[in-house]
Amino acid sequence: MEELRSAMEDHFEQMGDLLQKFSAELRSGLQPAYENFIGFFHAIDWKEPWLMGLLGFHFVLLLITFTSRKNLNFQMFLFLLALGGVYFAERLNRILGQNWKSFATQNYFDPNGVFLSAVWSGPLLVIAIIILINTLFSLCHLIVRWKRAELRHRARVSRNKQD
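None of the values given here were measured: they were computed from a predicted structure.

A.B. asks: Could you give me a rundown of the nonpolar core, with the residues and numbers involved?
C.D. replies: In terms of nonpolar packing, the biggest core is built from 22 residues, with Trp 50, Leu 51, Tyr 108, Phe 109, Phe 115, Leu 116 and Trp 120 touching the most fellow members. The element that contributes the greatest number of residues to this core is helix α5 (residues 114-162), accounting for 8 residues. Apart from the residues lying within four places of it in its own chain, the contact partners of Phe 109 are Trp 50, Asn 93, Leu 96, Gly 97, Trp 100, Phe 103, Phe 115 and Leu 116.

A.B. asks: Describe in detail the environment of Leu 55, supporting the description with residues and values.
C.D. replies: One can find Leu 55 in helix α2 (residues 49-67). Expressed as a C-alpha distance, the spacing of Leu 55 and Pro 123, which sit 68 residues apart in the sequence, is 9.2 Å.

A.B. asks: Kindly report on the packing of aromatic side chains, identifying the contributing residues and their values.
C.D. replies: Applying the stated criterion across every chain yields a total of 12 aromatic pairs. Ring centres of Phe 41 and Trp 46 lie 5.5 Å apart, and the angle between their planes is 35°; this geometry places the pair in the tilted category. Taking relative accessible area as the criterion, Phe 41 reaches 38% and is therefore assigned partly exposed. Classification of Trp 46 as partly exposed rests on a relative accessible area of 24%. Ring centres of Phe 109 and Phe 115 lie 5.9 Å apart, and the angle between their planes is 80°; on these two criteria the pair is classed as edge-to-face.

Calculation rules
- Residues numbered from 1 in each chain as written.
- Predicted model: local features only at pLDDT ≥ 70, side-chain atom pairs only at ≥ 80, totals over all residues.
- Heavy atoms only, no water.
- Core = buried A, V, L, I, M, F, W, Y, C linked by side-chain atoms within 4.5 Å.
- Buried < 20%, exposed > 50% of the residue type's maximum accessible area, 1.4 Å probe, protein only.
- Helix = DSSP H or I, 4+ residues; strand = E, 2+ residues; numbered from the N terminus.
- Contact = heavy atoms within 4.5 Å.
- Phe/Tyr/Trp six-rings, centres within 6.5 Å; stacked < 30°, edge-to-face > 60°.

See below:
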C-alpha cells in the first residue's frame, strides 16, 4: 500500500512539474504575439475618417445581423454578402494600395494584404460565423418542431384507427 501511495505522489509531482512547464511555455509563447498585436494596433491612425467609417460599417452590419436573426432569408443574404466581401478582399487590397493617397495618410495596403485581412476580412468572417451559428440553431429548432408535429400526427392517426 505504501508503494502505491509513493507511486501516486511521484506521479502527481511529475504531472505538476509538466503543467508548470507547459504554463510557462504558453505564457512566453504568447508574449511575442501580444507584442506584435500591440505594435500593429499602435501603428495605425485610428482617427482617419475612412477607418472610422469602416469600423462603423462593421458595427452596423453586426447590429443588423443581431436584429434580423429571426429572418433566415435575410441572414443568408448577409452571409453571402460577408463572404463575398472576403472573397474580393485581394482585389480590394490591390485597388486601395494603388489609390491610398486619395483617402489615407499612409499606405496600409501591403502586397500580402495583412492590414486589409485584419480590418476588413476578419470582422466579416466573424459576422459570417455568427450568422452560421444562428442558422444552425434555427435549423435545430425547426427539426424539433417538425418532429413534434410528426408525433402529434401519428398520435391522431392512431386515435382515429382505434375509434
